[in-house]
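# Observations on chain architecture
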Amino acid sequence: MPEEEQLHPLTALVKNESGVLSRLSGLFARRGFNIDSLAVGETNNPDYSRMSITVKGNRDILDQVVKQLNKQVDVISVKDLSETSHVERELSLIKVHAGIENRSEIIELTDIFRAKVADVGKDYVIVEATGSADKVEALEDLLEEFGIEEIARTGRVVLERAAKKKSKKT
Amino acid sequence: MVQSKQNEKTSTATRERSNSKEEGASRKGKRMSGARAVIKGIEEYGPEVVFGIIGGAIMPIYDELGKSEKLQHITTTHEQGAAHAADAYARVTGKPGVVFATSGPGASNLMTGIANAYMDSSPLVGFTGQVPTPLIGQDSFQEVDVRGMSDPVTKHNYLVMKPKDIPSTVREGFHLAKTGRPGPIVVDLPKDVQTGELSWRESDAGFEEFEGYEAEIEVDEKAVEEIAHGLSAAERPVVLIGGGVGQAGASKELMELVHDLQLPVTSSLMGLGSVDTRDPHFIGMIGMHGSGPANKAVAKSDFLFAIGTRLDDRMTGNVPEFAPKAKIAHVDIDPAEMGKIVQPDIPVTGDAKRVLTLLKGLTEGGDKERTGWWNEIKGWFKKYSPDTENGGSVLKPQKVVETLNDLTDEDTIVTTGVGQHQMWAAQFHDFSRPEQLITSGGLGTMGFGFPAAIGAQVAAPGRPVVSVTGDGSFQMNIQELTTAVREELPITIVVLRNGSLGMVRQWQQLFYENRLVETLIDEGTPSFARVTEAYGGKGVTVAKKGELRSGLEEALNYQEGPSVVECLVAPEENVFPMVPAGAANEDFILGEDDA
């Protein structure tokens, strides 16, 4: 029986150089890896970037993704956080259609989700939601009923919690 | 691996020497142009011979190349030819090959050659000219995104934007190309980076630690013990080798193991020669056109020891039916090969020589007769032996290769293109040294063989080099006759002329109800003997079996330049055994009627 396809969060430390993102995203495409989300940003050391990658697939596929990434010269380290305690966040900017009649209702929902109102216009509100992908999606679902005009999402970023035991997997 | 360590030592020595020599200037380094730094880098870390074609955006580098007393350059007629030649040069010498091309079409013409080196893990370093940095991204004349194009087919690549980065990039490039699992590197050099100035400090060219790259992976000795135990305990063991054994310089260790334990050994196309194909323990090549005994033995085996191979699809056939009864031990230097296609029971990442050396210590005295297993294998040999003798005076392509084999010795290097002739060369020629067969295994590049012969002949001037090719493959890079004539390379080209793109025609006959769409190419194909004469080489035509031996001898004896033996072979011959695509290896067919 084929193993169920799950989402696996990976974190990779890569060289912060031009061409690296293109090479690595090309690798996912040409090897047929199913990437659910990809987010990149500079780390506290400007020589490196951290990549947060969410891979869809079974164990064997995940294993290949980790190995193929590790093989790249620009990749310093890769770690599968599926079974490691980690923090996962996603930021979403949601432009919701809002007139005077339903503005307060939207703001109420925003508060319940501990989201923020980033901007208010004559007939719209931009909600800034941060949290797990599930939470962000739940808020999006609720806001849908007012009419979502546009959405911009960062994709998931993940970071390992203080590792109690160092996992042997890189 | 060991090589790289030695290089570290040499470079430290060089550093000390140059420091004492240039004294005051040493701290600031020696001023030079980027182009000179490229040439200096190749002189220090690369081969003695480089291949390529000049062009606008790489002129500064060629200008410095012209002044170099250490480097010899071979101009080819097409950049693809240069890349294949440099690839073969690397395979014969074990040193990285170097190829130059200009920007745009020069670089894009290299790509097939680079992809070929990538698929066969050959250490090739390509230096390409690029338009000046201010013009990048503007669709400038002869601009192409070399880095983007080469991403999928290189182990690593660089676009050098500052002259000062050249020394470290060149050194890093050579280090990457030849260590770990070897592979091609591309260094793209904008023209203003070549003409710009830098200070060559020895320390700039060095690197204490190469972050993100592990050339050597420690072998799990426990797993090797498991292999030793598995081999000793097995009733029906088979050893399966690939090109990695030869690349690791482990042929001797392999043959010792095979002899000590009386093991049957099979090989991929790339591994032929790393195992001596004349040895009685060799049971033939495995896979789509592998031998009956090899494919049967792997199917029946209870322990498969695969080493230095990536277990690719042409080798495994239908994966679930590959060695279905066997416990599989898989050794490869690339961790990503473990479980990529076949899930091994004992995965071992590491250098083949290291693993075989460890095994030797563990298996000594483990001699086991296994008479039953060997008798079974011998039975398959009787049943599936090919017959090249029947057919009267008809010139069979298999017979051409057999006769060539009779006339050459183990010094001879054979290169091939891709298709039927390649498989016949693999099946009917003996190979006893890893670099004796230079062929395009992974990418299957028609046209590889003849330019590869040029690279091989340049790498080994004293050795006979024969390019076995077909009428399709030869014409894909026939222009390199210019190069061979100019350089007076005594290459013998044996063309198995059957008037068709034979391997595809064979598939049409077997799987497309004999509809021969666009595979018959004889019309318009010139006399290769006369074409070669026109270029200034020697042409021989062999039309009958009776003329074969003398024709081959005449060409092999010709030493003034390239010679061609055009063999007008029986056009209907096909390659057998054959495992139909998607079938189990065991279900090979032996002829057209079998399909």
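Procedures and definitions
Within each chain, residues carry numbers counting from 1 in the order of the written sequence. The order in which chains are written sets their letters, starting at A; the order in which ligands are written sets their numbers, starting at 1. Local features in a predicted model are, by the rule used here, given only for residues with pLDDT of at least 70; side-chain atom pairs are given and counted only at 80 or more, and totals for whole chains, interfaces and linings are based on all residues. Start and end positions for the domains come from either an automated domain assignment or a database one. Residues are defined as contacting one another if the C-beta atoms placed from their backbone atoms lie within 7 Å. Each helix is a run of DSSP H or I of at least 4 residues and each strand a run of E of at least 2, with the numbering of both proceeding from the N terminus. For two strands to pair, DSSP has to find at least two bridges joining them. The length a helix should cover is 1.5 Å for every residue beyond the first. Backbone-placed C-beta atoms define the burial measure: a residue is buried with 20 or more other C-beta atoms within 10 Å of its own, exposed with 12 or fewer, and partly exposed in between. Fitted lines through C-alpha atoms serve as axes, helices being fitted only where they are in contact, and the angles separating the N-to-C directions of these axes extend from 0 to 180 degrees.

Moving on: the domain arrangement of chain A. Residue and element names in this part refer to chain A. For chain A, the assigned domains are domain 1 (6-84) and domain 2 (87-157). Computed over C-alpha atoms only, the centres of domain 1 and domain 2 are separated by 29 Å. On the domain 2 side, the residues contacting the 6 residues of domain 1 number 5 residues. Elements with a contribution of two residues or more to the side of domain 1 that touches domain 2: strand 2 (34-42) and strand 3 (48-57).

Residue and element names in this part refer to chain B. Here 6 strands make up an open sheet; going across it, the order is 16-15-17-18-20-19 and the pairing parallel. In the strand order of this sheet, the two ends are held by strand 16 (437-438) and strand 19 (538-542), each with one partner. In this sheet, strand 18 (residues 492-497) lies alongside strand 17 (residues 465-470) in parallel orientation, the contact comprising 5 bridges. Across the sheet, residue Ser 467 finds its bridge partner in strand 18, namely Ile 493.

As a further point, take helix 4 (residues 79-93) of chain B. Residues and elements named next belong to chain B. Spanning 15 residues, helix 4 covers 21 Å between terminal C-alpha atoms, matching the ideal 21 Å at 1.5 Å per step. For helix 4, the tally of buried residues reaches 14 of 15 residues, placing the bulk of the element in the interior. Looking one or two residues beyond helix 4, the residue adopting positive phi is Gly 94, at roughly 80 degrees.

The next subject is the sheet that holds strand 11 (residues 282-285) of chain B. Residues and elements named next belong to chain B. The 6 strands are arranged 11-10-9-12-13-14 in an open sheet whose pairing can be described as parallel. Looking along the sheet, the strands with just one partner apiece sit at the ends: strand 11 and strand 14 (346-349). Between one strand axis and the next, the sheet turns by 15 degrees as a mean value, whatever way the strands run. Sheet analysis places strand 10 (residues 265-267) next to strand 11, joined by 2 bridges and oriented parallel. When the sheet's bridge partners are listed, Ser 267 is paired in strand 11 with Met 285. Its contacts with the sheet place helix 10 (residues 221-233) against strand 9 (237-241), strand 12 (303-307), strand 13 (327-332) and strand 14, and it is angled at close to 130 degrees to strand 14. Against the sheet, helix 13 (residues 292-300) makes contact with strand 9, strand 10, strand 11 and strand 12, and its axis sits at roughly 105 degrees relative to strand 11, the strand it touches most.

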